[in-house]
Amino acid sequence: MKKILLILFFGIVSTGSIAQNDKSYVEGLVSDFTESLENRDITNYFYMNKYCIGKTKMFQLKEGRMCVSKGTYYEVYVFWMEGDQAMIKKIDNCGMFFSLPLANNSVLDYVKSNSKQLEKGVVKTYAVKNPENVPVQTSKVYPCHRLFQFNWDNNSFGQKYNLYDLTNESKYENLNFESNNKLEIVALEKSIEASIIENESKFKRQF
């Protein structure tokens, strides 16, 4: 099976050029785009970067060209208001997608109403009690993360957490499970995921 996959892969490679882009490439695209927002006096915006360490993806681009995420696939979603219209833009290892209007302003309205809580309510790491009732930290490694960056009301702040911290996937119960899942940042992530699913078929690459 591995041999067949390798043959298929190199067969694809031979039909077009391959690009391999990493974290710094994605960060550069995000920086360029948010700078373009600020140049248009759009100063309230934020983005979510979702990724799983070591997970890679390969896409076919225009003219038969291929793009493979180098190391880890990073998927960034930028949100802002264009006048009265809420907007979303997707950026990944293989470039930018065209900006899309959202069906409603709920995601941006939530950030506007909860900006202080989003800044202060930090997700705590997965913590358990051992049989001797002594608090210890879990040693399990979980690859998937969420990273948020906000530029809101002349204030810049970020949040980053491991999805494992929102679970009870251990021999012992996560002491921070309930408090973590009640945080505004987690509620925002769920709202964003709903928007992504709703618009998934509409995202089109710019190049």
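Reading guide: rules and limits
- Residues numbered from 1 in each chain as written.
- Predicted model: local features only at pLDDT ≥ 70, side-chain atom pairs only at ≥ 80, totals over all residues.
- Heavy atoms only, no water.
- Helix = DSSP H or I, 4+ residues; strand = E, 2+ residues; numbered from the N terminus.
- Buried < 20%, exposed > 50% of the residue type's maximum accessible area, 1.4 Å probe, protein only.
- Contact = heavy atoms within 4.5 Å.
- Areas by Shrake-Rupley, 256 points an atom, 1.4 Å probe, with all protein chains shown as cover.
- Core = buried A, V, L, I, M, F, W, Y, C linked by side-chain atoms within 4.5 Å.
- Salt bridge = Lys/Arg side-chain N within 4 Å of Asp/Glu carboxyl O.
- 1 Å grid on protein atoms, 1.4 Å probe; cavity = no way out; pocket = protein on both sides within 12 Å on 5 of 7 lines; lining within 4 Å.
- Points joined across faces, edges and corners; volume = space filled by probe spheres on them.
- Nonpolar A, V, L, I, M, F, W, Y, C, P; charged D, E, K, R; others polar.
- Disulfide = S-S within 2.5 Å.

> Outline the overall build of the protein chain, listing residues and values.
From N to C terminus, the protein chain includes 5 helices and 12 strands. Within the protein chain, the proportion of its 207 residues that are buried is 43%. Summarising the internal contacts of the protein chain: among those between residues at least 6 apart in sequence, 64% fall at separations of at least 24. Summed over its atoms, the accessible surface of the protein chain is roughly 11,700 Å², and 53% of this surface lies on carbon and sulfur atoms.

> Quick one: what's the story with the nonpolar core, residue by residue and with numbers?
Counting 30 residues, the largest nonpolar core has Phe46, Phe79, Phe150, Ile185, Leu188 and Ile192 as the members making the most contacts within it. Per-element accounting of this core gives the leading share, 5 residues, to helix H5 (residues 184-199). Contact partners of phenylalanine 46, with chain neighbours within four places excluded, come to Tyr77, Val78, Phe79, Val107, Leu108, Val111, Gln149, Phe150, Leu188 and Ile192. Leu29, Phe33, Ile42 and Val76 belong to the second-largest nonpolar core, a separate cluster that totals 16 residues.

> Now, about the pattern of salt bridges: what can you tell me, with residues and values included?
Taken as a whole, this structure holds 7 salt bridges when the rule is applied. Glutamate 75 serves as the salt-bridge partner of lysine 90, at 3.8 Å between the closest nitrogen and oxygen. Of this pair, lysine 90 sits in strand E6 (residues 85-92) while glutamate 75 sits in strand E5 (residues 74-82), placing them 15 residues apart in sequence. Of the two residues, lysine 90 and glutamate 75, both sit in the buried class. For arginine 205, the salt bridge goes to aspartate 92, with nearest N and O atoms at 2.7 Å. Of the two residues, arginine 205 is situated in the segment after H5 and aspartate 92 in strand E6; the sequence distance between them amounts to 113 residues.

> I'd like a description of the layout of surface pockets, backed by residues and values.
For the largest pocket, the calculated volume is near 280 Å³. Of all the elements in the fold, those that place two or more residues in the lining of the largest pocket are helix H2 (23-39), strand E2 (45-52), E5, strand E11 (144-152) and strand E12 (155-162). Looking at the lining of the largest pocket, the element that brings in the most residues is H2, giving 5 residues. Taken together, the residues of the lining of the largest pocket break down into 8 nonpolar, 6 polar and 3 charged.

> How would you sum up the state of the cysteines? Please name residues and give values.
Taken as a whole and assessed by the stated rule, the structure comprises 2 disulfides. Covalently, cysteine 52 is tied to cysteine 144 through a disulfide, its sulfur atoms 2.0 Å apart. The S-S bond linking cysteine 52 to cysteine 144 shows a torsion near 100 degrees; that makes this disulfide right-handed. Pair noted here: cysteine 52 is in strand E2 and cysteine 144 is in strand E11, with a separation of 92 residues, a long-range link.

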